[in-house]
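# Geometric and topological summary
In case you want the letters, here they are:
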Amino acid sequence: MAATVILGLGHALPPRLVTSEELAGTLDVGSGTLEARTGIARRYYAGVGVGPSDLALEASAMALDRAGLSAADVDFLIFATMTPDMAFPGSGCLLQDKLGVPPIGALDIRAQCLGFIFGLLIADRFLQTDTYDRVLVAAGEVHSTSLDFSAGGADVTPYFGDGAAVAVLSTANDGRGLVAGVMHSDATEFERFWCEYPASRQHPVRMTLDDLRKRRHYPQIDFDALNPMAERLFPEVITEVLERGGCRKDEIAHFFLHYVDPRIALGTGREMGIPHQRVTATASRAGHIAAAALPIALSEAWGAGSVRRGDLVCLAAVGAGINWGAAIIRL
Amino acid sequence: MLRTGRVRVRGSIAPRDVEKMSSKENLGRTRILGLGHYVPPRVVTNRDLTRLMDTTEEWIEQRTGIRERHFVDRSLGPADLGLLAARDALAAADTDAGELDLILLGTLSPDIDFPASACLLQRGLGTRGMPAFDVRNQCSGFLYGLAIADKFVRSGAARRVLLVGSEVHSSGIDLTTRGREVAVIFGDGAGAAVLGPEQRPGRGILSTHLHAEGKYAKKLWVEPPSSVAAPRIDEDMVSGEGGRLFPKMEGRYVFRHAVTRFPEVIREALAANGLGVADIDLFIPHQANLRISQMVAASLELPEEKMFNNIDRYGNTTAGSVPIALHEALEAKRVTPGALVCLAAFGSGFTWASALIRW
């Protein structure tokens with residue numbers, strides 16, 4: 001049976017580099033402390049007027065080029081974001097237009113930091129049922145316009161960055177492909193990592209000036225509660241996906257682990273006895289780019305030749321929802 | 001704390017499990033095992049709206065076919081309405097929430113900014129472990145979700161999927177004369193379906209067909225919060241006279257495209273299954289506007305008695321409308337065993353979609 005394969009990967013980071021030194025000035029915290037506190041030295045911010053669909057368009061060009069395809073070869077697209085270009089319609093509709101393709105289906109999903117893994121596993125089902133031949137999975141975020149740049153945001157704002165990545169998927173019978181994937185949600189404590197406003201559930205209006213002044217439209221993270229969850233869920237989900245795929249840990253050429261704080265992801269690698277050369281804590285590269293951090297890192301690694309065709313890679317993430325999941329892919 | 005280690009792990013998707021099936025011919029179909037719907041009790045008639053804005057009962061009804069709609073009367077979101085619809089659908093499907101492998105929620109009016117309303121619904125159901133995510137495809141949300149659910153079930157990756165379409169529009173529309181073009185259309189409500197493998201030969205979801213055309217994104221849209229704007233939300237958006245948190249629509253554009261795309265995507269579904277319009281026993285369109293639905297039926301030469309409408313009582317509940325109508329049609333015995341049911345939607349995006357079900 002033909003497996004779901006990645007034909008091409010691409011990514012886009014906006015040009016404006018924001019160092020932790022620069023951000024420390026904006027947020028009015030002591031210089032040097034931000035990087036030490038977050039494990040993140042740099043992130044990139046999109047310019048005014050640039051949305052996730054724009055970054056995803058750039059990433060699509062790279063992914064299609066590496067796949068040796070054109071946009072016209074895609075017959076379905078999935079867009080994962082938690083920072084859409086507009087409230088509605090979804091960024092997938094905008095990407096369909098920007099790619100200049102006929103009116104194919106454009107599914108928009110909201111799965112926060114698990115957006116790429118969930119999108120990949122949805123695409124896999126559409127491919128494995130022969131519904132479509134080539135599916136483009138886009139993950140893109142522009143977080144920088146929704147962050148608190150006052151001193152009040154110092155605990156959360158430094159983690160976030162902007163970027164997008166795209167995978168072009170199809171099926172093939174050449175030994176490559178998705179080996180196993182798992183996805184989970186447990187919303188018991190979703191308020192540990194959330195943003196409340198605008199909120200349709202608020203009667204009679206979704207947002208008031210008071211909500212705005214209380215800064216309840218900025219993301220909030222309770223790291224004291226969230227970090228222990230991530231520390232437990234990472235080894236659990238990695239073990240689960242390895243079992244599902246019938247793979248041993250030492251067969252995996254590289255682990256890409258995403259959590260808002262890269263030090264937690266690195267700690268997981270250590271706890272599990274994975275050599276540090278085989279672990280990338282994706283947030284350490286360009287910050288927390290919710291849905292897009294994993295595929296950006298994978299695309300970068302592919303471009304740099306640090307992962308190659310035939311390698312087994314494991315992607316895993318823990319994030320808002322609380323959602324967590326993992327996938328093993330033979331590239 | 002999360003105690004996932006103690007619950008049975010669910011929602012895991014293992015392609016290798018699927019590979020154990022001998023061939024793709026063995027892929028079963030998907031059945032709707034149970035349906036439910038819920039609308040909040042507060043009824044808002046056209047006459048009630050005339051007290052809030054400069055409009056008339058006759059104008060609204062002539063233009064849209066809407067007589068009344070339901071609005072929440074307190075702080076409730078799509079996950080709350082969806083929970084009540086989901087409980088009925090689960091009961092009808094004789095399924096416990098803990099048996100679900102996947103929870104999907106279609107909405108364009110999420111309870112909160114993030115996480116997804118599907119997560120809030122999962123918590124409301126008192127269950128955890130299975131993946132929960134939102135489908136953000138506006139009026140086509142339920143049918144996009146139906147396509148996802150169908151592929152997971154027919155490939156054996158999930159045995160029980162909960163799919164909810166739910167909206168609370170009333171907290172996000174401008175109920176003054178300025179907003180009347182849009183505000184008179186929308187209502188609050190939720191519908192839910194539980195899906196699982198179809199055992200009966202020839203029955204179940206035959207196919208699903210999905211489309212999008214972002215060129216027309218701004219013909220029916222809400223801009224803020226927009227990550228493209230810096231900052232994403234400001235005081236003007238919340239308090240200003242611009243009303244930028246409210247939907248904007250170019251009604252004539254939407255109407256013109258709807259009456260083209262609806263018949264097109266229905267014919268696409270029929271052709272994919274070697275069927276014709278005459279084979280349709282019941283057509284359930286997304287309840288956008290009665291005049292659109294009537295033109296679509298006329299264009300297909302489908303007798304109006306084969307079409308189900310309830311927009312007069314609920315208005316347009318976007319992602320909620322198809323499952324609410326499907327459930328009402330079932331309760332009214334308009335859907336009978338063996339009947340060919342055609343579902344179709346068109347709306348903001350533009351997105352449009354269809355599905356054929358042999359009941």
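Residues numbered from 1 in each chain as written. Chains lettered and ligands numbered in written order. Predicted model: local features only at pLDDT ≥ 70, side-chain atom pairs only at ≥ 80, totals over all residues.

## Overview of the overall build of chain A
Assigned secondary structure in chain A consists of 10 helices and 14 strands. Buried residues in chain A amount to 64% of all 331 residues. Once local pairs closer than 6 in sequence are excluded, the contacts in chain A between residues at least 24 apart make up 77%. (Helix = DSSP H or I, 4+ residues; strand = E, 2+ residues; numbered from the N terminus. Buried ≥ 20, exposed ≤ 12 C-beta atoms within 10 Å, placed from the backbone. Contact = placed C-beta atoms within 7 Å.)

## Details of the overall build of chain B
Each helix and strand counted, chain B has 12 helices and 14 strands in total. In summary, chain B has a C-alpha radius of gyration of 20 Å against a globular reference of 21 Å for 359 residues, a match within 12%. When contacts within chain B are restricted to residue pairs at least 6 apart in sequence, those whose partners lie at least 24 apart make up 79%. (Rg over C-alpha atoms; globule rule 2.2 N^0.38 Å.)

## A word on the interface of chain A and chain B
Contact residues are listed per partner, giving 80 residues for chain A and 82 residues for chain B. For the side of chain A that touches chain B, the secondary structure elements donating two or more residues are α4 (91-99), β5 (105-110), α5 (115-128), β8 (177-185), α6 (209-213) and α7 (223-245) of chain A. Class assignment of the residues belonging to the side of chain A that touches chain B gives a composition of 42 nonpolar, 23 polar and 15 charged. In this structure, β5 of chain A lies alongside strand β6 (residues 132-135) of chain B, joined through 2 bridges in antiparallel fashion. Paired with isoleucine 109 of chain A across the two strands is valine 135 of chain B, which belongs to β6 of chain B. (Nonpolar A, V, L, I, M, F, W, Y, C, P; charged D, E, K, R; others polar. Pairing = 2+ DSSP bridges.)

## So, the domain arrangement of chain A
The parts lose accessible area when they come together, and the size of an interface is often stated as this lost area. Residues and elements named next belong to chain A. Domain annotation for chain A reports domain 1 (3-174) and domain 2 (179-330). Distance between the C-alpha centres of domain 1 and domain 2: 14 Å. With 42 residues of domain 1 in contact, the opposing surface of domain 2 contributes 38 residues. Counting residues per element, the ones that place at least two in the side of domain 1 that touches domain 2 are β1 (3-12), β3 (42-45), α5, β6 (135-141) and β7 (163-172). The leading source of residues in the side of domain 1 that touches domain 2 is α5, at 7 residues. (Domains from an automatic or database assignment.)

## Things to note about unusual backbone geometry
Across the junction of tyrosine 197 of chain A and proline 198 of chain A, the peptide omega takes the value 0°, indicating a cis bond. A cis amide bond links glycine 321 of chain A with the next residue in sequence, isoleucine 322 of chain A, at an omega value of -5°. Structurally, the position occupied by isoleucine 322 of chain A is in the loop between β13 (312-319) and β14 (323-330). Of note in this structure, glutamate 301 of chain B is not a glycine but carries a positive phi near 55°.

## Quick word on helix α4 (residues 78-92) of chain B
An α-helix turns once every 3.6 residues. As a result, residues three or four positions apart point the same way. Residue and element names in this part refer to chain B. End to end, α4 covers 21 Å across 15 residues, agreeing with the expected 21 Å (1.5 Å per residue, within 8%). Within the sequence span of α4, burial applies to Pro78, Ala79, Asp80, Leu81, Gly82, Leu83, Ala85, Ala86, Ala89 and Leu90. For α4, the elements touching its buried residues are β2 (29-38), β5 (102-106), α5 (117-124), β7 (161-167) and β8 (189-198). Positive backbone phi, approximately 50°, marks aspartate 94, located one or two places after α4. (Expected span 1.5 Å × (residues − 1).)

## A short note on the sheet that holds strand β9 (residues 204-212) of chain B
All names here are of chain B. Read across the open sheet, the 4 strands follow the order β9-β14-β13-β12; overall the sheet is mixed. Of all the strands in the sheet, the pair left with one neighbour each is β9 and β12 (282-285). Averaged over all neighbouring strand pairs, the angle between strand axes comes to 10°, with direction disregarded. Note that β12 and strand β13 (residues 340-347) share 4 bridges and pair parallel. When the bridges of β13 are listed, leucine 282 appears paired with valine 341. Across the sheet, helix α9 (residues 251-272) lies against β9, β12, β13 and β14 (351-358), angled at about 35° from β14, the strand it touches most. (Axes fitted to C-alpha atoms, helices over the stretch in contact; angles between N-to-C directions.)

## Considering the sheet that holds β7 of chain A
Strand order in the open sheet formed by 10 strands is β1(A)-β7(A)-β6(A)-β4(A)-β5(A)-β6(B)-β5(B)-β7(B)-β8(B)-β2(B), with mixed pairing between adjacent strands. A strand with exactly one partner marks an edge of an open sheet, and here the two such strands are β1 of chain A together with β2 of chain B. For this sheet the average axis-to-axis angle between neighbouring strands, irrespective of direction, equals 25°. Strand direction decides the pairing type here: β5 of chain B and β7 of chain B, joined by 5 bridges, are parallel. Looking at the pairing, leucine 104 of chain B lines up with leucine 163 of chain B of β7 of chain B. Lying over the sheet, α5 of chain A contacts β1, β4 (76-80), β5, β6 and β7 of chain A together with β6 of chain B, oriented at roughly 170° with respect to β6 of chain A.

## Brief notes about the domain arrangement of chain B
Residue and element names in this part refer to chain B. Under the domain assignment, chain B is made up of domain 1 (4-198) and domain 2 (204-358). A C-alpha centroid distance of 14 Å is found between domain 1 and domain 2. Elements supplying a minimum of two residues to the side of domain 1 that touches domain 2: β2, β4 (68-70), α6 (141-154), β7, α7 (180-183) and β8. Tallied by class, the residues present in the side of domain 1 that touches domain 2 amount to 18 nonpolar, 19 polar and 12 charged.

## Some details on the packing of α9 of chain B against helix α10 (residues 290-300) of chain B
Residues and elements named next belong to chain B. At a closest axis distance of 9 Å, the pairing of α9 and α10 adopts a crossing angle of 45°. Relative to α10, α9 is oriented oblique. Note that α9 runs across α10; the crossing there is right-handed. Two secondary-structure elements touch here, α9 through Phe255, Ala258, Val259, Phe262, Pro263 and Ile266 and α10 through Ile292, Met295, Val296, Ser299 and Leu300. (Parallel < 35°, antiparallel > 145°, perpendicular 65-115°, else oblique. Left-handed = near helix turned anticlockwise from the far one by under 90°.)

## Things to note about the packing of α4 of chain B against α5 of chain B
When two helices pack together, their arrangement is captured by the angle between the axes and the distance separating the axes. Residues and elements named next belong to chain B. Close contact between α4 and α5 brings their axes to 9 Å; oriented N to C, the two are set at 50°. Here α4 is positioned oblique relative to α5, judged by the angle of their axes. Note that α4 runs across α5; the crossing there is right-handed. On α5, the residues touching Pro78, Ala79, Gly82, Leu83 and Ala86 of α4 are Ser117, Leu120, Leu121 and Gly124. Residue classes in the contact of α4 with α5 are distributed as 6 nonpolar, 3 polar and no charged.

## Quick word on the environment of alanine 187 of chain A
Residues and elements named next belong to chain A. Structurally, alanine 187 is set in the loop between β8 and β9 (193-194). Look at alanine 187 and you get buried, because 27 C-beta atoms sit within 10 Å. Each C-alpha atom, one on alanine 187 and one on asparagine 323, is 7.9 Å from the other, the two residues being 136 residues apart in sequence.

## Here's the deal with the environment of threonine 282 of chain A
Residues and elements named next belong to chain A. Here threonine 282 lies in the loop between β12 (279-281) and α9 (283-286). Judged by the 25 C-beta atoms lying within 10 Å of it, threonine 282 falls in the buried class. Separated by 149 residues in sequence, threonine 282 and aspartate 133 place their C-alpha atoms 30 Å apart. Setting aside anything within four residues of it in sequence, one finds threonine 282 in contact with Phe256, Leu257, His258, Ala293, Leu294 and Ala297.

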